[in-house]
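One-letter residues, chain by chain:
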Amino acid sequence: MTAFTAEGAFSGFSVDDIDAAEAFYGSTLGLDVQRNAMGFLDLRLPSGGSILIYAKPNHEPASFTILNFPVGDIDAAVDELIDRGVTTKIYSDAEFPSDDRGIVRGDGRGPDIAWFRDPAGNVLAVLQA
């Protein structure tokens, strides 16, 4: 196949408030977010990829983690997120046993990970790389 390629492919997800998403992803998380000509947000990743964030009037938060951030030091990353006003303990210990900051330790079964939500309720995560 030559007409269909992955060149320029991107992912996207919805939010209920584009202004709140722009503030959260741009100011709170410090990511490169640009509003495009259609009024959507282009989240540009340092790796060169991009993610489209678009407003949807009947938005429902995804039932899965939509965006993962690998980090070298999960404890420092979680502390930084908490300092920025982000809540990282979003699941009960019955669902995912974690410390008081919301870090679930992989203990050899997977990475240490902490989940958090954007203003639209979508789930994101930082995980030990």
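Structure: see above.
Within every chain, residues take consecutive numbers counted from 1 along the sequence as written. Note on the predicted model: pLDDT of at least 70 is required for a residue's local features to be given, and 80 or more for side-chain atom pairs to be given and counted; whole-chain, interface and lining totals, by contrast, use all residues. Note: side-chain values were computed over all heavy atoms of the structure, leaving out hydrogens and water.

**Some details on the nonpolar core**
What counts here: The set of buried Ala, Val, Leu, Ile, Met, Phe, Trp, Tyr and Cys residues whose side-chain atoms join them within 4.5 Å is what this entry labels a nonpolar core. Working definition: with a 1.4 Å probe on protein chains only, accessible area under 20% of the residue-type maximum means buried, over 50% means exposed, and in between means partly exposed. Helix and strand labels come from DSSP, where a helix needs a run of H or I of at least four residues and a strand needs a run of E of at least two; each type is numbered from the N terminus. Only heavy atoms enter the contact rule, under which two residues are in contact if any of them lie within 4.5 Å.
Formed by 28 residues in total, the largest nonpolar core has its most connected members in Tyr25, Ile53, Leu67, Phe116 and Val126. Of all the elements in the fold, those that place two or more residues in this core are β1 (11-15), α1 (18-28), β3 (41-44), β4 (50-55), β5 (65-71), α2 (74-83), β7 (113-117) and β8 (123-128). Setting aside chain neighbours within four positions, we find Val126 in contact with Phe69, Val71, Ile74, Val78, Leu81, Asp112, Ile113, Ala114 and Phe116. Within the second largest apolar cluster, seven residues are counted, among which are Tyr91, Trp115, Ala125 and Leu127.

**Structural notes on the pairing of β7**
As a reminder of what qualifies: The pairing criterion is simple: DSSP has to find at least two bridges between the two strands.
For β7, a buried count of four out of five residues is recorded, marking the element as mostly surrounded by other parts of the structure. Relative to β7, strand β6 (residues 103-104) runs antiparallel, the two being bridged by two bridges. Directly across from Ile103, in β7, lies its bridge partner Ala114. For β7 and β8, the ladder comprises five bridges, and the chain directions are antiparallel. Its bridge partner being in β8, Ile113 is matched across the sheet by Leu127. Here β7 hands over to β8 after five residues, with Gly121 in that stretch at a positive phi of 90 degrees.

**Side note on α1**
Cut-off, in case you're wondering: Throughout, the arc means that of the directions going from the helix axis to the C-beta atoms. Think of a polar contact as two N or O atoms within 3.5 Å of one another; within protein, one of them needs to be a possible hydrogen donor and the other a possible acceptor, and neighboring residues in sequence only count if both atoms come from side chains.
Among the residues of α1, Ile18, Ala21, Phe24 and Tyr25 are the ones counted as buried. Seen along its axis, α1 keeps its buried residues to an arc of 130 degrees; they face one direction. Regarding α1, its N-cap is Asp17, as a side-chain oxygen of that residue lies 3.0 Å from the backbone nitrogen of Asp19 further along.

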